[in-house]
Amino acid sequence: MATTLAAYGLRPAYRLGQTPSNGGFTLIKIYANETTPIHNGDLTQIIASSTGRGHLRRFNTTVDATTVTSSGTFNGVLVGCQYTDPTSNKHLQRQYYPGAINKEDVYGFVVDDPHMVFRAIADDTLAATTFGCNGAIIQTAVGNTTTGNSGITFDASSIANTSTLPLRIVGFVNDPNSSVGDTYTEVYVRLNTHFNLTATGVAAS
């Protein structure tokens, strides 16, 4: 039973149709010296503005707790990164992107399959009747620099049918530690507003 709110962001679970995930991801370049950290489980976007156009960034540069994100187009979820350490010049692979790495070889590992289903925890209880509903993201906690995990959760108070809400509930976690209706219900969600399912791309420079 999930009685503690321990945020971990979005975790790849399976593809729609209950197809097992093969653990695949795409390497996408992060702009040199990008200051905002991207934690494991954070949603990501492709920069459309002039500075850093075509590079990866966190879905929201505000990482303070309680920030709610109720719209946006996302290209996936970060599950790690790699870069050359500016001090040691060693090639590193890390659980998350810590921010402010001033190198040209910084890449995020992004699960960008638009049909991927992710596991997430809600910040309150959710009933079985919320199956198929859309919802927002809430920054329940700032990303954890020890574990590297994201601090985002599913915003239980945002349940609606609004098409611009970023997440859709497609199932409930049912295991010895979690079941529907728990104090903090764990759900399976898909990205409702995925970049790879829209016709609009990043504008040409």
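Everything discussed here concerns the structure shown above.
Residues numbered from 1 in each chain as written. Predicted model: local features only at pLDDT ≥ 70, side-chain atom pairs only at ≥ 80, totals over all residues. Heavy atoms only, no water.

Details of the pattern of salt bridges
Counting across every chain of the model gives five salt bridges. Here Glu104 makes a salt bridge to Lys29, at a shortest N to O gap of 3.9 Å. Here Glu104 is found in the loop between β8 (91–94) and β9 (107–111), whereas its partner Lys29 is found in strand β3 (residues 26–29), with 75 residues between them in sequence. Of the residues examined, Glu104 reaches a relative accessible area of 57% and is grouped as exposed. Assessed through its relative accessible area of 28%, Lys29 is described here as partly exposed. Linked through salt bridges whose partners overlap, the residues forming this network are Arg119, Asp175 and Glu186. (Salt bridge = Lys/Arg side-chain N within 4 Å of Asp/Glu carboxyl O. Helix = DSSP H or I, 4+ residues; strand = E, 2+ residues; numbered from the N terminus. Buried < 20%, exposed > 50% of the residue type's maximum accessible area, 1.4 Å probe, protein only.)

Overview of the side chain of Asp113
With respect to the helices and strands, the residue Asp113 is situated in the loop between β9 and β10 (116–121). Here His115 takes part through its backbone nitrogen, which lies 2.9 Å from a polar atom of the side chain of Asp113. Ignoring sequence-local partners within four residues, the contact set of Asp113 consists of Arg15 and His194. (Polar contact = N/O pair within 3.5 Å; in protein donor to acceptor, adjacent residues only side chain to side chain. Contact = heavy atoms within 4.5 Å.)

Considering the nonpolar core
Ranked by size, the top nonpolar core spans 21 residues in total, and within it Leu10, Leu43, Phe118 and Val189 carry the most contacts. Setting aside its immediate chain neighbours within four residues, Leu43 contacts Leu10, Arg57, Arg58, Phe59, Phe74, Gly76, Val77, Ile137, Ile152 and Leu191. Ile28, Tyr83, Val106 and Val110 belong to the second-largest nonpolar core, a separate cluster that totals twelve residues. (Core = buried A, V, L, I, M, F, W, Y, C linked by side-chain atoms within 4.5 Å.)

Looking at the environment of Gly41
Residue placement: Gly41 occurs in the loop between β3 and β4 (43–46). Once the C-alpha coordinates of Gly41 and Gln18 are considered, the two residues, 23 residues apart in sequence, prove to be 20 Å apart. Beyond its immediate sequence surroundings of up to four residues, Gly41 is in contact with Tyr8, Gly9, Leu10, Val77, Leu78, Ser150 and Ile152.

Description of the packing of aromatic side chains
Enumeration according to the criterion identifies three aromatic pairs in this entry. Taking 6.2 Å as the distance between ring centres and 70 degrees as the angle between the ring planes, the aromatic pair formed by Phe59 and Phe74 counts as edge-to-face. Residue Phe59 is located in the loop between β5 (56–58) and β6 (68–69), and its partner Phe74 is located in the loop between β6 and β7 (76–84); the two are separated by 15 residues in the primary sequence. You'll find Phe59 and Phe74 in the same group, each marked buried. Positioned above the aromatic ring of Tyr8, the side-chain terminus of Arg11 is 3.9 Å from the ring centre. (Phe/Tyr/Trp six-rings, centres within 6.5 Å; stacked < 30°, edge-to-face > 60°. Lys NZ or Arg CZ within 6 Å of the ring centre and 35° of its normal.)

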